[in-house]
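Here is how the chains run, residue by residue.
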Amino acid sequence: MSHDGVGLRAVMRSVAFLTAGALAVPVLTACSSDDEEKASPVAAQDIAPAGRDQVTDGGTLRWAVDAVPATLNTFQADADATTSRVAGAVLPSLYRLDRDGRPQLNPDYLESAKVVDEEPKQVVLYKLNQQAVWSDGREIGADDFAAQWRALSGKDSAYWTARNAGYDRIEKIERGKNNLEVRVTFSRPYADWKSLFSPLYPKDVMGAAATFNDGARRNLKVTAGPFALQSVDSKTGEIHLTRNPRWWGRPAKLAEIALVAVPRDQRATALAANKIDMADVDPEQAGRITLAAGTRGSAPMQGPGTPGTPSTPGTPGSPSTPGTTIDPAQAPHPSAAQYTAEQDGLSGFVVRKSLEPAYTQLALNGSEGPLADERVRRAVARALDRDALAQAVLKPLGLPAVPVGSHLALAGQQAYADNSGALGGHDTKEAQALLLDAGWVPGGPVKEEKKKDKEKGKAAGPEGKKAAPGAGPDSDDGTYIVGEDNKPAGIDRAKADPAGESERQRTNHSDEQTATRFDGKRYARHDTRQGGAPGAYAPKGTAAPAGVASGVLAKDGKPLTLRFVLPSGPGSESLSTVADHISRMLERIGIRTETTKVAGDSYFKDHIAAGQYDLALYSWPASAFPATDARPIFAKPVPAADGSLTVEQNYTRVGTDQVDQLFDQAIGTLDEDEERALVRKADARIWAAAGSIPLYQRPQLTAVRPNLANAGSFGFQTPLYEDMGFLKKGAKPSATPSTP
């Protein structure tokens, strides 16, 4: 599992409470204006759309993936993004997402699907495409639906399933007039019934626990997509998909798709060496490719700190000149010759960019310590300038930069509404007042407890390391405490240190330069600086504590110090930079942060899931079915028999009965408008609880060959594998996506 992106349907199942009277209904009622309901995604997909008649028949697309998956069964706990990619190309999906992140019926498999009865019980009737067959020639039918339901219902513990949401509400599945009609009867109403049976596995896999548990881990003998699985080779790190000769839909343009395992930090080298044709890349690699390609393809990423176009030293924020080249002698590679050779190879690629359907959040552990007090959590939230974070992260990449306004949907999706007003916007004075109301006052034995605090705040586990003697505060592994650099919290550091040397050493980058490695979000937002629910602020009339900016706050003789746990290693630079920005924002209101970096492979299991942190950064993907998929993330933790807390995926340990009730109501209604309204209300209450603060959508940067069509940065949309291919000689992509 990537520390920067958590699968919503992965298996990984103190509490802070809000009283009912603390929430004002008018404020927490989510917006439902026509404008918001029709809002488009922040950034359009970038896939070089082309009509099928413009695409060559044949060819092999070599597509980089993180690793060969441990399983090809998407319903198992160790399934990953590559598992889903294979399933999308070779298995049926009854619904797929469009460019706005909304589920649409897939005509390759369904003629229709609708609720035909609501009383006494909900009944959904599926009419299957009469041509739909498995690769062994058997019709896709009711037996396959029934086998998948029994496997995922949760009633048979012999099946090693990762999730059963929705399937546990099914009472029975039966044939309709023939095997191409499937009647699904639910024991309880289920709003998100469109999420079921995607992907759909054959009964050969789902019909017995042995084949479910082991039969589909390394092979899929029977498939039903535009491609079929030819081979999986863990030694070479390649998965080969070839055209399915029994495919009844539009024939695949490509003859083969090769999924090639390439670590993210090695992708520029692999591209330059002609080992792959398409790969998701980080901003630094994207900058190199854009420089190498010149003005061809996507517009070059511009702005201070764009990789390869550094701002003039000593003048952070000054405009960089498009087309600036990197001095090979200073390039971060073994030799200038190798760097030059790689740049030559990278000139044959362009970068397509959009926003990934996922958002990065600041998680606040509310189970213990200062953050168990909701006033402190809200103070942290009010101290954050989310607009500035989004601008710093996305503007240098040439992507729209607006903060995410919802925990449960992204702009373009039907459930989206900006509910951040339930908490309130950036307001330093309000944050200081909240801390004063919580009993945190200026002063305290900060220096006396410095060593003890470091030991106490160190992340649990062997991966947590303190800075080695003599190591600078920008060391990748170790602890650095903002506020312990012998400078009062509110001092203008540019004046105290005119050369800016201490700041450069601490972050190892200028603000804009380091911010080129992240992501963001956009949509209509209302001014929330003065709005919000009662209870989201200190009592009316409370003055901000005088002198807070002159030092760290303390309570009961202890300084207000928060453990900020981050991953180390390749791919973690973006989170480190965001953390630097956040730490400085918190320092302005008197909160000290103690940052500890831990091994990336243990970040989630040993620290986030285990609750060994105060502050952390990680991402959640957006879902077209938030009432189902987001509930485990925000459900109120409940005591287990052994006295521990069952948190499901709520790693902040902050939850309320109200949120749970709203999710239950949303999942149990068959009125789509009512479901969306309930989801928005739940999101408003999640904002008010301040357990997690959405920051920005992540950038999606994809390096591709210029002649590759209908592929790149897909945004929300489910890839159409059968339409991908290489343009015919002289053909050019169209300005708008082609119609299937």
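Residues numbered from 1 in each chain as written. Predicted model: local features only at pLDDT ≥ 70, side-chain atom pairs only at ≥ 80, totals over all residues. Heavy atoms only, no water.

### Focus on the confidence of the model for the chain
Here the chain averages 80 in pLDDT, while 74% of its residues score no lower than 70. Note on residues 295–331: pLDDT is under 50 here. Beyond four places in sequence and across chains, it has 71 contacts. (pLDDT = per-residue confidence, 0-100. Contact = heavy atoms within 4.5 Å.)

### Regarding the sheet that holds strand β13 (residues 441–442)
Strand order in the open sheet formed by three strands is β13-β15-β16, and the pairing between neighbours is antiparallel. Two strands in the sheet have a free side with no partner beyond their single neighbour: β13 and β16 (558–559). As paired elements, strand β15 (residues 553–555) and β16 share two bridges and run antiparallel to each other. Paired with Ala554 across the bridge in β16 is Pro559. (Pairing = 2+ DSSP bridges. Helix = DSSP H or I, 4+ residues; strand = E, 2+ residues; numbered from the N terminus.)

### Comments concerning a negative patch on the surface
Judged by side-chain charge, Asp117, Glu118, Glu119, Asp671 and Glu674 come together as a negatively charged surface patch. With respect to the helices, strands and loops of the structure, Glu674 is situated in helix α22 (residues 672–689). (Patch = residues over 30% accessible without salt bridge, like charges linked within 9 Å, V, L, I, M, F, W, Y side chains within 5 Å. Areas by Shrake-Rupley, 256 points an atom, 1.4 Å probe, with all protein chains shown as cover. Salt bridge = Lys/Arg side-chain N within 4 Å of Asp/Glu carboxyl O. Lys, Arg positive; Asp, Glu negative; His and termini not counted. Charge placed at Lys NZ, Arg CZ, Asp CG, Glu CD.)

### Brief notes about the packing of aromatic side chains
The description of two aromatic rings rests on the distance between their centres and on the angle between their planes. Across all of its chains, the model carries 21 aromatic pairs by this definition. Aromatic pair Trp63 and Phe714: ring centres 6.3 Å apart, planes at 40°, arrangement tilted. One end of the pair, Trp63, is in strand β1 (residues 60–65); the other, Phe714, is in the loop between β23 (708–709) and β24 (725–726), and 651 residues separate them in sequence. In this structure, Trp63 and Phe714 share a single accessibility class: buried. Between Tyr167 and Phe197, the ring centres sit 5.4 Å apart and the planes meet at 90°, which makes this aromatic pair edge-to-face. With a gap of 30 residues between them, Tyr167 in the loop between α4 (142–152) and β6 (170–175) and Phe197 in the loop between β7 (181–186) and α5 (203–206) connect regions that are remote in the sequence. Clustering of aromatic rings is evident, with ring pairs tying together Phe75, Tyr95, Tyr126, Phe145, Tyr167, Trp193, Phe197 and Tyr201. If you follow Arg85 out to its NZ or CZ, it ends over the ring of Trp63, 4.1 Å from the centre. (Phe/Tyr/Trp six-rings, centres within 6.5 Å; stacked < 30°, edge-to-face > 60°. Buried < 20%, exposed > 50% of the residue type's maximum accessible area, 1.4 Å probe, protein only. Lys NZ or Arg CZ within 6 Å of the ring centre and 35° of its normal.)

### Here we look at helix α21 (residues 657–667)
Within α21, the full set of buried residues consists of Gln658, Val659, Asp660, Leu662, Phe663, Ala666 and Ile667. Elements that come into contact with the buried residues of α21 comprise α19 (626–629), α20 (631–634) and α22.

### Quick look at the pattern of salt bridges
Overall, the coordinates contain 25 salt bridges when judged by the stated rule. Between Glu174 and Lys172 there is a salt bridge, with its nearest N and O atoms 3.9 Å apart. For Lys172, a relative accessible area of 36% translates into the label partly exposed. One salt bridge in this structure joins Glu672 and Lys194, with 3.7 Å as the shortest N-O distance. Residue Glu672 is located in helix α22, and its partner Lys194 is located in the loop between β7 and α5; the two are separated by 478 residues in the primary sequence. Glu672 gets classed as partly exposed once you look at its relative accessible area, which sits at 44%. Given the relative accessible area of 24%, Lys194 is considered partly exposed. When salt bridges that share partners are traced, they join Arg52, Arg250, Glu722 and Asp723 into one network.

### Comments concerning the environment of His426
Position of His426 relative to the elements: it lies in the loop between α11 (386–394) and α12 (428–437). Here the alpha-carbon distance between His426 and Leu384, two residues 42 residues apart in the chain, equals 5.8 Å. In terms of polar contacts, His426 uses its side chain to reach the backbone carbonyl oxygen of Arg382, at 3.3 Å. A distance of 3.3 Å separates the side chain of His426 from the backbone oxygen of Ala383, its partner in a polar contact. (Polar contact = N/O pair within 3.5 Å; in protein donor to acceptor, adjacent residues only side chain to side chain.)

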